[in-house]
Structures are given as C-alpha cells and as structure tokens.
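Results of the structural survey
Residue-level listing of the chains:
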Amino acid sequence: MSVRRERTKFRQFGWHRRSLRLLSQKELNLPETKAFFRSLYLRTKLEGERTMKTAADKNIPYKVYLTEDEMPQTWYNVRADMKNKPAPLLNPGTGAAMGFEDLRPVFCDELIKQELDNDTREIEIPTEIREFYKMYRPSPLVRAYCLEEKLKTPAKIYYKFEGNNTSGSHKLNSAIAQAYYAKKQGLKGVTTETGAGQWGTALSMACAYLGLECKVFMVKVSYEQKPFRREVMRTYGAEVTPSPSTTTEVGRKILAEHPGTTGSLGCAISEAVEAEMKNPGYRYVLGSVLNQVLLHQSVIGVETKKALDKIGVKADIIIGCAGGGSNLGGLISPFMGQKLRGEADYQFIAVEPASCPSLTRGRFAYDFCDTGKVCPLAKMYTLGSGFIPSPNHAGGLRYHGMSPILSQLYHDGLMEARSVEQTSVFEAAESFARCEGILPAPESSHAIRVAMDEAIKCRETGEEKNIVFGLTGTGYFDMVAYQKYNDKEMTDYIPTDEDLAPGFAGLPQVK
C-alpha cells in the first residue's frame, strides 16, 4: 500500500495533513505504522457502519403504543395449544380431581370455569373490563436505546412496561377481572394475600372501583419494609393484616411452629382462604399461579406481539421474572402458542431469586398451594409448602411453587430457567435506572439482570439478537431495599440442599 493511499485514508479519519508530515518516509513504511493505519481504518469503518445502523434503528421509536382500538378483545388461553395439559387440581383429602362444584366454596363461578377450561383458545374480555383497561392500557413497548449504548451491544433490547398505574405493576390486569366476576356474582367482598404489595394494591383499587370489600393478608416482612405500600391499600379501603397473624387459626399455628418468622406467600394464602371461609358473601382471589390469572395476564403478551409486528420485529429471546408465574406466563403466552403450533421459535427464560429457586432446584410434584395446607393440591415445580424463604427484597417472588402451566412447559423443555442472586439483581436495577430513567421493582430487576447478561453475550459474539423482557412494575415503594444496597448492607442467601430437604420431605404422597 502506497504512502499516498495511507495519507489519504488518514485524512478521511479527520487527521490533518500537517500531522502526517511529522512522520518521515521511513517511519511511514514501517510495518507497525502500516498496521496502525489499517487498525485505525477498520475501527473507523466499523464506527461508520454502527452510526448508519443506529440511524436506521431510529426508525423504531423509543415507545411503541397501540391505539385503544388495537387493544386485545380476547384473552389467549395457551392451554388450548399445549399437547401436555397442566395436571388437574386434586382434593387433598380424597386425591380426586377437583371439578366445578368442588371449587365453588373458594372461587367465583366464572373464574372456576376459566380455571378448568383447557380447550378454548380465545376467551372474550367483557366490555366493562376493557373499558377499565383503557385507563392505563395499552402499555408501551419500549426500545432500550440507552441501555444498548451503555452495554455497547449489537443486540436490540425491548421491554414491555406495566408500571404506569397506581398499583405500579401488571397485577391490575387480573385484579379488575377477578373483582368484576365477584361483583357480577353478587358477592360482598374478597380476601387475598400479597407479597411485595403490588397485587394487594391492585386488588384494592379494583374493589374500590366496583364497591367491594377487600381483606388483604400481607407477608410480614413486606408489611414492615413497605409501610407506604400498605397505606395505599388502606387508602383504597382495604383491610391489611401482616401474615402470619393471630387473627386466624392457621396463622397462630404457623407462628407456633416458626416463632419469629417473617412470613411467606404460602402463609398468607392460608390465612386468606380461612378468612374467606369464615366471612359469608366472600370469595378468595389469587394474584398469581392459577390458570385463570395467567389467562388474564395474556393481555401483556398479546399487546407485546402486536407492537413488535407493528414495527416488523421478531423476538429472539423473551425474558420474565418468575415467582408464581403471572407476569412471565402473560408475557410469553402468544409467543409460546406460536412455538407450540410450530409457527415460530423463541428462547424463553424464566428468572427467579437464588433464595427461592422453585424451578431451578425444585421438584415437579403435587403439593399444597399454601403453607397451612388448606388449599387444593397442584402439580408444579415446588420447594415444598413448608419452605419458608429468606426475607429477601423481592417480596413478590417469595413463593414455594410455580404456576402449573409454566411448570408443565418447563418440564417439557419448552422454556429454561435461571436463578440470580440479590446483589447482582440490584446492580442491574441501578444500571437500568441510571440510563433508562425508570426505577424498577426488585422483581422486575431479575429479568433486567438476565436481559443484560444476554446482551453482553451478544457483544462478545457479535450477534444482533432481539431481546424482549417484562418490566413488571416500578420500585418506588422498595426504597428500604435500595437503601440496603446503597449502604452495602445487602447480602445474598442461597439455601443449601439441607435447607431444602425439610420442604421436600413434607411433599404429599400422591399416587
């Protein structure tokens, strides 16, 4: 390569000709000098291509919104496309599969029908619910341009943001549906449990809107860590009790067996079911795990797919945090349906806390849905209903089991699961907040952690994958957790095999 050509390239890169004159003819012909010029040329060419690529990407807006007319008219029931259906709920006394009449004392009639329906692919969303949805839906699909730049990744990252309502999360999608059916049945009120408080807040909002009474049993550690979340529920008229409590027989029993326990979702479920049984005109409603909840949450995935189709993008990887399964199940459902029907392929990743690893270290077996063993048996990945997780800061993910739908899909190898440690999760949350401008909930940050990990892998391999994750909600009521992280007081806890053994030993024997 001639000196003239080298100098021409040098000038193209913004170097002044005078700078080149500082180099002698001999120096310009040195192999190391030529190597430097070639390296500089290739780096600059790459930057130019990246700039052109970024300019092309800018045709995709930061936020993709559907119109109200494009909102889903139906919920999508992924069970209709599953070859292996979720196993039925069992009566813990007889071991027999539970039908409509068996479940009537606990759940609303219409919700039971949805719970048991494995065949209807599309279930119409009532007009009243769709009108309520319009107050905060459709929610945006956001292109995380700033996060991509921070990570220097060729991957394209998108997140479905569900935190743009007072409950601060996706939970309102099912809360209004369950409250609607309770109201339609002529009930007086409902009982429920809540972990981080997002579900309790959402249900309180829905009940206030429809004029229903609402009794919430809140996991004690969250009740103490998040007093303002508790007060939001009370502002909407809910009665909030820390769980386990002395107000129920099962609560008193749990406290006797586990003195000083900070509680779990399993404990709170037991108390909520007992309270429902003792209050005429009440039914129990649940914010996750059950088939009916994943059905209602499918609006997340249906909207996400419509938004991606609108901008001509196909997801490669879809990631969601997983506690009981409502967010993850809702996000992936229409994409999973495509995979089940052989229409498209995706990589699905469920992300759970290392302190409560039901998918990654649990057993696929029938188990009680609650710690007090008053609920039906569900076949799911579980750590045992007696497992009391450590008081980590992802309250909504502190559940011993996983949705039977997601458990079956995972068991069939249609999705994968990863567990992540708490400090790593908050490190990702901080990075995300600093560049994307949203303070994420600790639960959502599990998905952020793995989305970032996958984007970094793309940086190393050069792959331009489309990564989609669910940002389930905001973390503005989680400042105690953020304070612990900022003060370097946050610790990681990973249960040992010995820690998990008692929970597995307590699994019911089902033939």
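Keep in mind that this is a model prediction, so the values were computed, not measured.

Right, let's get into the overall build of the protein. Looking only at helices and strands, the protein features 23 helices and 15 strands. When the 511 residues of the protein are sorted by exposure, 59% land in the buried category. Considering only intrachain contacts with a sequence separation of at least 6, the fraction spanning at least 24 residues in the protein is 76%. Carbon and sulfur atoms make up 51% of the accessible area of the protein, which totals about 20,900 Å².

Read from one edge to the other, the open sheet built from seven strands follows the order β1-β4-β5-β15-β10-β11-β14, with strand pairing classed as mixed. This sheet does not close on itself; its edge strands, each paired only once, are β1 (63-64) and β14 (416-420). Relative to strand β5 (residues 156-161), strand β4 (residues 141-143) runs antiparallel, the two sharing three bridges. Note that in β5 the partner of R143 across the bridge is Y158.

Our focus in this paragraph is the sheet that holds strand β7 (residues 213-219). Pairing within the open sheet is parallel, and its four strands lie in the order β8-β7-β6-β9. Each edge of the open sheet carries a strand with a single partner, namely β8 (239-243) and β9 (282-284). For this sheet the average axis-to-axis angle between neighbouring strands, irrespective of direction, equals 20 degrees. Taken together, the five bridges between β7 and β8 define a ladder with parallel strand orientation. By the bridge assignment, K215 is partnered in β8 with E239.

Here we come to helix α22 (residues 479-486). Among all positions in α22, only A481, Y482 and Y485 are buried. With its buried residues spanning 95 degrees around the axis, α22 presents them on a single face. Where α22 is buried, its residues contact α20 (422-436) and α21 (442-461). Positive backbone phi, at 65 degrees, marks K488, one or two positions downstream of α22.

Okay, the pattern of salt bridges next. Within the structure shown, the criterion is met by 29 salt bridges. One salt bridge in this structure joins D345 and K339, with 3.4 Å as the shortest N-O distance. On the basis of relative accessible area, K339 is assigned to the partly exposed category, the value being 22%. Between E416 and R418 there is a salt bridge, with the nearest N and O atoms lying 3.2 Å from each other.

Parameters at a glance
- Residues numbered from 1 in each chain as written.
- Predicted model: local features only at pLDDT ≥ 70, side-chain atom pairs only at ≥ 80, totals over all residues.
- Heavy atoms only, no water.
- Helix = DSSP H or I, 4+ residues; strand = E, 2+ residues; numbered from the N terminus.
- Buried < 20%, exposed > 50% of the residue type's maximum accessible area, 1.4 Å probe, protein only.
- Contact = heavy atoms within 4.5 Å.
- Areas by Shrake-Rupley, 256 points an atom, 1.4 Å probe, with all protein chains shown as cover.
- Pairing = 2+ DSSP bridges.
- Axes fitted to C-alpha atoms, helices over the stretch in contact; angles between N-to-C directions.
- Arc of directions from axis to C-beta.
- Salt bridge = Lys/Arg side-chain N within 4 Å of Asp/Glu carboxyl O.

So yeah, pure geometry; function would need other evidence.
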